[in-house]
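Understanding the architecture of this molecule
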Amino acid sequence: MRTTVGIIGAGPAGLLLARLLHNAGIDSVVLESRDRAYVEHRQRAGILEQGTVDVLRAAGAGERMDREGLRHDGIELRYDRKRHRVDFPALTGGRSVTVYAQTEVCKDLIALQLKEGGPLLFEAEALAVEGADTGSPRVRFRYQGSEDVLECDYVVGCDGFWGVSRKAIPAELTRVFERTYPFGWLGILADVAPSHDELVYARHDRGFALLSMRSPSVSRLYLQVPEGTDAEDWGDDEIWTELERRFETADDWRLERGPITQKSVTPMRSYVHEPMRHGRLFLAGDAAHIVPPTGAKGLNLAVGDVVTFARALTHEKETGSAELLDTYSETCLRRVWQAERFSYDMTTLLHRAPDATPFEDRLQLARLERIAGSRAAETDLAEGYTGFPFG
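Residues numbered from 1 in each chain as written. Predicted model: local features only at pLDDT ≥ 70, side-chain atom pairs only at ≥ 80, totals over all residues. Heavy atoms only, no water.

1. Observations concerning the overall build of the protein
Each helix and strand in the protein was counted, giving 12 helices and 20 strands. A compact globule built from 391 residues should have a C-alpha radius of gyration of about 21 Å, and the protein, at 21 Å, falls within 12% of that. Viewed in the frame of its principal axes, the protein has a C-alpha envelope of about 65 × 40 × 40 Å. Across the 391 residues in the protein, those meeting the buried criterion constitute 56%. One way to put it: in the protein the 48 positive side-chain charges average out to a point 2 Å from where the 61 negative ones average out. (Helix = DSSP H or I, 4+ residues; strand = E, 2+ residues; numbered from the N terminus. Rg over C-alpha atoms; globule rule 2.2 N^0.38 Å. Buried < 20%, exposed > 50% of the residue type's maximum accessible area, 1.4 Å probe, protein only. Lys, Arg positive; Asp, Glu negative; His and termini not counted. Charge placed at Lys NZ, Arg CZ, Asp CG, Glu CD.)

Written out as structure tokens, the structure reads:
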């Protein structure tokens, strides 16, 4: 089998890249180790930056997102029983975010790929990337019980942190930067209408809490818990009681309870692999970088990567110049590190470390008061949350 671009992974990054390349007249093959049902139902991020929304629309994948997604023009910060709303459009020249689950993005892109795009092979397990530093890289993969080879001009690894793509870059050429946090997020899905019409980020002495949503009738909520927590150790009533404590305000706002349909614990880490390119192998998304979910950046960073690659390859096709492909890693990493910085700032602003001192507690409150009282500080948060420019 042969193609111009071999794409490993049919998450939102790989699927969107296939769509962008199709629209540019460039052929590709997508290899996905899981089956279609798994890809369309795995729960992941649900906040789309303005730039991500714009890209999906331009790619022809925005119809259902525009119909069912929830546009949000701000978030609410809670601390010391106070409430402060950050108005995104007023601070960023009209930018906003959209609540639309990654599962729905994948469903939309899969439908388009199967209808109009190149081959999308589910249950096709990539085994290795070979010859990345040559003019003809190959992906060895297992499909329908036998091994095969995908010959490519380029390979893009969108196969996540545990995939094979990153392993094809020689260790002596790489640098890794990472940080593991001593806490995680206990997340729940609940069949109850959200108790607020925008996301609520709460800093509390007992730990962080987040009020989010999947739809007008389904709430998504999170609690900061110690690293290594088992979600089943928390009873439903215990979860709701703790959420009520951490979201408490001085006014009459109340958290609505409902049946919990899913609960899980998400670990918190920051990770960057440099470079994001080796020869004709390009890394995108979690294969190259991970951010703690506080800043809602993971999916959006992956979109930025594949937009950068698609633009670069289209530029080469139209001009014969590989200049943009040669600077892919540097271009992506500038945005990646700004997102890492923003996510780290949000995480340390709102989470209480297990060994936090009273001095550090007061610093957090001072930082929050600064955001609430300074348009400049508030603008910095709004610009980071709604997204850094692609490229």
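2. Describing the packing of helix α1 (residues 12–23) against helix α8 (residues 298–319)
Interhelical geometry of α1 versus α8 gives an angle of 30° and a closest axis separation of 9 Å. On the basis of their axis angle, the class for α1 and α8 is roughly parallel. Taken as a pair, α1 and α8 cross one another with a handedness that is right-handed. Counting all contacts with α1, which are made through P12, A13, L16, L17, L20 and L21, the residues of α8 involved are L299, A302, V303, V306, V307, F309, A310 and L313. A breakdown of the residues in the contact of α1 with α8 according to their chemical character gives 14 nonpolar, no polar and no charged. (Axes fitted to C-alpha atoms, helices over the stretch in contact; angles between N-to-C directions. Parallel < 35°, antiparallel > 145°, perpendicular 65-115°, else oblique. Left-handed = near helix turned anticlockwise from the far one by under 90°. Contact = heavy atoms within 4.5 Å. Nonpolar A, V, L, I, M, F, W, Y, C, P; charged D, E, K, R; others polar.)

3. Examining the pattern of salt bridges
In total, this model carries 39 salt bridges according to the counting rule given. Residues R64 and E68 are paired through a salt bridge, measuring 3.1 Å at the closest nitrogen-oxygen approach. With R64 and E68 both in helix α4 (residues 63–68), this residue pair falls four residues apart, about one helical turn. Classification of E68 by relative accessible area gives partly exposed; the value is 41%. Its salt-bridge partner being E178, residue R269 comes within 3.0 Å of it at the nearest N-O pair. Of the two residues, R269 sits in strand β17 (residues 260–274) while E178 sits in strand β13 (residues 175–190), which places them 91 residues apart along the sequence. (Salt bridge = Lys/Arg side-chain N within 4 Å of Asp/Glu carboxyl O.)

4. Re the pairing of strand β1 (residues 5–8)
Taken residue by residue, a regular strand's side chains alternate between the two faces of the sheet. Where burial is concerned, the two faces of β1 agree: the one with V5 and I7 and the one with G6 and I8 are both buried. As defined by bridge partners, β1 adjoins strand β2 (residues 28–31) across four bridges and the pair is classed as parallel. Along β2, the bridge assignment pairs I8 with L31. Regarding topology, α1 serves as the crossover connection from β1 to the parallel β2, and that connection is right-handed. As judged from the four bridges shared by β1 and strand β12 (residues 154–157), these two strands associate in the parallel manner. Bridging across to β12, I7 finds its partner in V156. (Pairing = 2+ DSSP bridges. Right-handed = clockwise from strand over helix to strand, strands pointing away.)

5. Notes on the sheet that holds strand β7 (residues 97–99)
Ordered by their spatial adjacency, three strands build an open sheet running β3-β7-β4, and the pairing between neighbours is antiparallel. The outermost strands of the open sheet, each flanked by one partner alone, are β3 (47–48) and β4 (70–72).

6. Things to note about the side chain of R78
Assignment of secondary structure puts R78 in strand β5 (residues 74–79). Its relative accessible area of 1% is what places R78 among the buried residues. Among the polar contacts listed, one links the side chain of R78 to the side chain of E76, at a separation of 2.5 Å. Non-local contacts of R78, meaning those with residues more than four positions away in its chain, are made with R83, V200, Y201, A202, R203, F247, T249 and W253. (Polar contact = N/O pair within 3.5 Å; in protein donor to acceptor, adjacent residues only side chain to side chain.)

7. A short note on the packing of aromatic side chains
Applying the stated criterion to the full structure yields 16 aromatic pairs. Seen from their ring centres, F161 and W162 are 4.9 Å apart, and the 90° between their planes marks the pair as edge-to-face. By relative accessible area, F161 is classed as buried at 16%. Residue classification places W162 among the exposed positions, given a relative accessible area of 77%. Relative to Y328, the ring of F309 has its centre 6.3 Å away and its plane inclined at 85°; by these criteria the two rings are edge-to-face. On the criterion of sequence distance, the pair formed by F309 in helix α8 and Y328 in helix α10 (residues 328–350) is long-range, its members being 19 residues apart. Considered together, F309 and Y328 belong to a single accessibility category, that of buried residues. One aromatic cluster in this structure is built from F88, W185, Y201, F208, Y222, F342 and Y385. Here the basic side chain of R78 rests over the ring of W253, its NZ or CZ set 3.9 Å away from the ring centre. (Phe/Tyr/Trp six-rings, centres within 6.5 Å; stacked < 30°, edge-to-face > 60°. Lys NZ or Arg CZ within 6 Å of the ring centre and 35° of its normal.)

8. Digging into the UniProt feature "domain: FAD-binding" (unreviewed entry) in the protein
Mapped onto this structure's residue numbering, the UniProt feature "domain: FAD-binding" (unreviewed entry) falls at residues 2–343. Span residues 2–343 is 31% helix and 33% strand, its end C-alpha atoms 39 Å apart. (UniProt positions renumbered as here; feature names shortened; annotations may be inferred.)

9. Structural notes on the state of the cysteines
Under the counting rule described, the total for this entry stands at zero disulfides. Not engaged in a disulfide, the cysteine C106 finds its nearest cysteine sulfur in C158; these two sulfurs lie 11 Å apart. Relative accessible area serves as the criterion here: at 1%, C106 is assigned to the buried category. This cysteine, C332, is not joined by any disulfide, and C158 carries the nearest cysteine sulfur, 11 Å off. (Disulfide = S-S within 2.5 Å.)

10. Let's talk about the environment of R85
Of note, R85 is situated in strand β6 (residues 82–87). For R85, a relative accessible area of 38% translates into the label partly exposed. Polar contacts involving the side chain of R85 include one to the side chain of E198, which spans 2.9 Å.

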